[in-house]
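Structural characterization, general
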Amino acid sequence: MPERVILREHFNDMLQTVSAAADEYNQLASSATEPSQRDQLRRLTRDKSRHVELTERLLEILDE
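Presented here is an overview of the structure given in this document. (Residues numbered from 1 in each chain as written. Predicted model: local features only at pLDDT ≥ 70, side-chain atom pairs only at ≥ 80, totals over all residues. Heavy atoms only, no water.)

Quick notes on the pattern of salt bridges
Charged atoms that come close allow side chains of opposite charge to pair. Per the stated rule, a full pass over the model turns up 4 salt bridges. Here Glu60 and Arg57 are joined by a salt bridge, their closest N and O atoms 3.2 Å apart. Here Glu60 pairs with Arg57, and both are found in helix α2 (residues 35–63), just 3 residues apart, close to one helical turn. In this structure Glu60 comes out as partly exposed when scored by relative accessible area, which is 45%. Its salt-bridge partner being Arg57, residue Glu64 comes within 3.4 Å of it at the nearest N-O pair. Through salt bridges with shared partners, one network takes in Arg57, Glu60 and Glu64. (Salt bridge = Lys/Arg side-chain N within 4 Å of Asp/Glu carboxyl O. Helix = DSSP H or I, 4+ residues; strand = E, 2+ residues; numbered from the N terminus. Buried < 20%, exposed > 50% of the residue type's maximum accessible area, 1.4 Å probe, protein only.)

This is the structure:
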């Protein structure tokens, strides 16, 4: 199996996992009643969203 195919599979798995985590953190932040919890969950959402962007970029690089 070519290396790019293996990497693509791995990065796609990562993307699914990180996207799901970002969505979950976002939902939790929306329902949080305590401001400190909401802020922390929003920070986690931003961090995971950044991971999504970076993983998408890795997939783009593989296509180049």
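Notes on the side chain of Thr55
Structurally, the position occupied by Thr55 is in helix α2. Under the relative-accessibility criterion, Thr55 is labelled buried at 3%. Those residues in contact with Thr55 that lie beyond four places of it in its chain are Phe11, Met14 and Leu15. (Contact = heavy atoms within 4.5 Å.)

Looking at the packing of helix α1 (residues 3–31) against α2
Interaxial distance between α1 and α2 falls to 8 Å at its minimum, and their mutual angle equals 160°. The pairing of α1 with α2 is recorded here as roughly antiparallel in orientation. Judged by the twist between their axes, the crossing of α1 over α2 is left-handed. Looking at the contact of α1 with α2 residue by residue, the classes come out as 17 nonpolar, 7 polar and 7 charged. (Axes fitted to C-alpha atoms, helices over the stretch in contact; angles between N-to-C directions. Parallel < 35°, antiparallel > 145°, perpendicular 65-115°, else oblique. Left-handed = near helix turned anticlockwise from the far one by under 90°. Nonpolar A, V, L, I, M, F, W, Y, C, P; charged D, E, K, R; others polar.)

With respect to the side chain of Thr45
Summarising the element assignment, Thr45 is placed in helix α2. A distance of 3.3 Å separates a polar side-chain atom of Thr45 from the backbone nitrogen of Asn26. Those residues in contact with Thr45 that sit more than four places away from it in its chain are Ala22, Tyr25 and Asn26. (Polar contact = N/O pair within 3.5 Å; in protein donor to acceptor, adjacent residues only side chain to side chain.)

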